[in-house]
Structure formats: C-alpha cells, structure tokens
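Fold and geometry: a report
For reference, the chains in residue letters:
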Amino acid sequence: MEYTQLGRTGLKVGRIVLGTMNFGPRTDEAESHAIMDAALDAGVNLFDTANVYGFGENKGRTEEIIGTWFARGGDRRDKVVLATKVFGHMDADAPDGHVWPNRDRLSALNIRRAVDASLKRLRTDHIDLYQLHHVDRRTPWDEIWQAMDVLVQQGKILYVGSSNHAGWHIAQANETARRRGSLGLVSEQCLYNLAERRAEMEVVPAAQAYGLGIIPWSPLAGGLLGGAIRSGATQGRSAEALANTQVREQVQAYENACDKHELAPGEVALAWLLTRPGVTGPIVGPRTADQLASAVRAASLTLPDELLASLDEIFPGPGASPEAFAW
C-alpha cells in the first residue's frame, strides 16, 4: 500500500480508505471483522465511519462493530487512523420527523454529547479524525471551533475534517480557525467520481488552497462505474441511472474502454481518482473481503495515457470556476 500525507498534516494514510457503512445493515459482525483484518493485512490504515451508520433503529451499530473489533486486541486500534462523523440525530426515526432539541447538528452541546457516545461505542479513548458530516448553517463557526478545540485539549480528538461542504464553507471554516489560532479543517469528504465531477469547480480548489486532503465518497457512483451493464444491473441506483439513455451510452463507452485495456471497470474508477489533484484516497465500502481485494489492487494500478484521455472524453469535467459558467 502506498501512503501519503493527509492534506497539510504530518499524518500518513493509505491511498485506499475503508468505508464501513455496510457493517451492520448489509454485512454481519463476523464478516465485518474479517474485512477489517484483511484491510490491515493489505496496509489500509484509514477507517471511516459515522455515528449514524447502522441507520433506523440501529444507529450507532457500525461504531459498535468497530469497537468490538478493537477489543480483540493485537494492536488493532494502534494501527488504525480512526475517522468518524457528527451531525445527524441519533434518535429513532419518528414518523413525523420530530427530533428532540440539541440531539443533532453542530451545536457545542451536541458535539460534546456525540463525541462521548461515539467513544463509548468505539471502545477507544480518542478519535483521530472527527468529521462534520454536513454543513450546519444555523451554528456559527466560532462555536464549532470552540467545541472542537476543547476536545483536542482533552485528547478526545486529534484532527477535524469536513464532509459535504461547499468550497466557500471550507474557506469560511478555515479563516475562522486561523483567527482563533486553531489548526482548522484538514480534510474534506465529498461526492466525487468519474460520473460526478462538479466538485472540481470549487470544492477541490478550495481544499487544495487550504491544505485539505480530499477523500471522495461513492467513487463507483453507487455501482454505476463498477461494470453495471456487463453485470446486468436490474435494480438499485445503477439500474435507475441506466434508464437514462445518455447515461447508459456513457457507461457502455466506459466499459468498452476498460475492456480494450483489459482492466476491471471498478478498479479503473478508483485508480482514476488517485490521479486527481488533491485526492488522498477514495472511500471503498466493501461487503466482502473479495471486494476489498479488488479495491486494494486499484491503488497500484497505473492507467495508460490513452485510457485517461478516453475517460475525459466520456465523462468530461465541468471546467474551472468561474470560467465554466461565466463565459
């Protein structure tokens, strides 16, 4: 496994990130533990989760599974760079959508409660990368940074990252942190893949300007880039997307280009992201150890220049901002 610095920090992480969203809802505890063991064996060291994973009445279950894995010992916790998230409410989903006050979002009160609950479920004394799962337009950045600075001082977290933030949110967050003398955001986890490149307009440039490592989520576009046509996808997000004639033509051209070079579509999609400026590593969410092995292979894959050019023709980027929309 190749390692790189996470943004402007001194922290070294692997170029493939283990996503754990499937642990609990789609992968049982024993198989989840096996996948995490296989990830460590392959050199993957950045594990990403969130307090709400498990979903529905089982929110927090994914963190619990990781916690029981840490409890098995063998230096598991010491080898892992642990990332989790805060924002979503942890109450059971009410039919009317009602959430008891201060049990979600990024108030100082909820951050304090949420981190302690995550630490308990994860069976650890600190979180390496604590991520803001979504921008909170109701809470001022000064309040968020005050809460995060306290957690750093207490040793409960080491770094702060963001997820699903716009470029100007990144700028606002880090300018506030600079004024306070805080380190600021060190990573941004965003939707970014061959089929969805709008992050290149402003999120990627902002992250690069402020020294944030970019951690793309949904690198296979919900399976669309993993060989959806050749595998005969008939349900789920991929099937819905392929119902669009233009999308289907793009994906067919993509799979044909991969076939020409005798490469697996899913591995090509991951390897392409690793060529993009500012990208630390994409998050992969394997349901099985075999899926993890395929993702790890992508980290050592060098894509031919001819294929890279074809990918840009099939899935053209949006262009730089403001030129992309100004003229």
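Here's what I pulled together on the structure shown here. On a predicted model such as this, the values are computed, not experimentally measured, just so you know.

Things to note about the overall build of the protein
Per the secondary structure count, the protein includes 13 helices and 10 strands. Relative to the globule expectation of 20 Å for 327 residues, the C-alpha radius of gyration of the protein, 20 Å, shows essentially globular dimensions. Reported as C-alpha extents along the three principal axes, the dimensions of the protein are approximately 55 × 50 × 45 Å. Within the protein, the proportion of its 327 residues that are buried is 51%. For the protein, restricting intrachain contacts to residue pairs at least 6 apart in sequence, the fraction spanning at least 24 positions comes to 76%. Summed over its atoms, the accessible surface of the protein is roughly 14900 Å², and 49% of this surface lies on carbon and sulfur atoms.

Notes on the sheet that holds strand β4 (residues 46-48)
Two modes of strand pairing occur in sheets, parallel and antiparallel, and in both the strands are linked by backbone hydrogen bonds. Sheet architecture is open: eight strands sit in the order β9-β8-β7-β6-β5-β4-β3-β10, paired in parallel fashion. Strands at the two margins of the open sheet, each flanked by one partner only, are β9 (213-217) and β10 (283-284). As paired strands, strand β3 (residues 17-19) and β10 are joined by two bridges and run parallel to one another. Within β10, the position partnered with Leu18 by the bridge is Val284.

Concerning the pattern of salt bridges
Between side chains of opposite charge, a pair can form when the charged atoms approach closely. This structure, assessed with the given rule, holds 21 salt bridges. The partner of Arg61 in a salt bridge is Glu64, and the shortest N-O contact between them spans 3.5 Å. Taken together, the positions of Arg61 and Glu64, both in helix α2 (residues 61-70) and three residues apart, correspond to about one turn of that helix. Judged by relative accessible area, which is 34%, Glu64 ranks as partly exposed. Among the ionic pairs, Arg180 bridges to Asp149, the shortest N-O distance being 3.5 Å. Taken together, the residues span a long stretch of sequence, with Arg180 in helix α6 (residues 167-180) and Asp149 in helix α5 (residues 141-154) at a distance of 31 residues.

Focus on the pairing of β9
Side-chain direction in a regular strand flips from residue to residue, so the side chains alternate between the two faces of the sheet. A large share of β9 lies buried, amounting to four of its five residues. Sheet analysis places strand β8 (residues 185-191) next to β9, joined by five bridges and oriented parallel. Bridging from a neighbouring strand, Ser187 pairs with Gly213 of β9. For the segment spanning β8, helix α7 (residues 203-209) and β9, crossover handedness is right-handed.

A look at the packing of helix α9 (residues 245-260) against helix α12 (residues 305-314)
Axes are the key here: two packed helices are described by the angle between their axes and the distance separating the axes. Contact pair α9 / α12: the axes reach a minimum separation of 10 Å and the direction vectors enclose 175 degrees. Classified by the angle their axes make, α9 and α12 are roughly antiparallel. Along its contact with α9, which presents Gln250, Ala253, Tyr254, Ala257 and Lys260, the element α12 presents Glu306, Leu307, Leu311 and Ile314. The residue inventory of the contact of α9 with α12, partitioned by class, reads six nonpolar, one polar and two charged.

Points about the nonpolar core
As a rule of thumb, nonpolar side chains are buried together in soluble globular proteins. Phe47, Tyr130, Leu132, Met148 and Tyr254 are the most contacted members of the largest nonpolar core, which has 70 residues in total. With 12 residues, the next largest nonpolar core counts Val17, Leu46, Ala83 and Ile283 among its residues.

Some remarks on the pairing of strand β5 (residues 81-86)
Taking burial as the measure, the six residues of β5 include six buried ones, the bulk of the element. The alternating pattern of β5 places Val81, Ala83 and Lys85 on one face and Leu82, Thr84 and Val86 on the opposite face, and all of these are buried. Sheet topology places β4 next to β5; three bridges connect them, and they run parallel. Residue pairing for β5: Phe47 is matched across the bridge by Leu82. Sheet topology note: the β5/strand β6 (residues 127-132) ladder contains four bridges and is parallel. Considered in β6, the bridge of Val86 is made with Leu132.

Definitions and limits used
Residue positions are given per chain, counted from 1 along the sequence in the order it is written. A pLDDT threshold of at least 70 governs which residues receive local features in this predicted model, and a stricter bar of 80 or more applies before side-chain atom pairs are shown or counted, although totals over entire chains, interfaces and linings include all residues. As a rule here, side-chain values come from all non-hydrogen atoms in the structure, and water together with hydrogens is ignored. Runs of E in the DSSP output that reach at least two residues are strands. Runs of H or I that reach at least four are helices, and both are numbered from the N terminus. This radius of gyration counts C-alpha atoms alone. The globule rule is 2.2 Å times how many residues there are, raised to the power 0.38. The buried label goes to any residue with under 20% of its type's maximum accessible area, the exposed label to any with over 50%, and the partly exposed label to all in between, with areas taken from a 1.4 Å probe on protein chains only. Should any heavy atoms of two residues lie within 4.5 Å, those residues are counted as being in contact. In this description, accessible areas are obtained by the Shrake-Rupley approach with a 1.4 Å probe, and a residue is regarded as covered only by the protein chains that are shown. At least two DSSP bridges between two strands are needed for those strands to be called paired. A pair is scored as a salt bridge if a Lys or Arg side-chain nitrogen falls within 4 Å of a carboxyl oxygen belonging to Asp or Glu. Handedness rule for crossovers: strands pointing away from the viewer, path from the first strand over the helix to the second running clockwise, crossover right-handed. Note on geometry: axes are lines fitted to C-alpha atoms, helical ones only across the stretch in contact, with angles between N-to-C directions running from 0 to 180 degrees. In these notes the angle categories are as follows: under 35 degrees is roughly parallel, over 145 is roughly antiparallel, 65 to 115 is roughly perpendicular, and the rest is oblique. Three residue categories are used. Nonpolar comprises Ala, Val, Leu, Ile, Met, Phe, Trp, Tyr, Cys and Pro, charged comprises Asp, Glu, Lys and Arg, and polar comprises the others, including Gly. We define a nonpolar core as any set of buried Ala, Val, Leu, Ile, Met, Phe, Trp, Tyr and Cys residues linked to one another through side-chain atoms lying within 4.5 Å.

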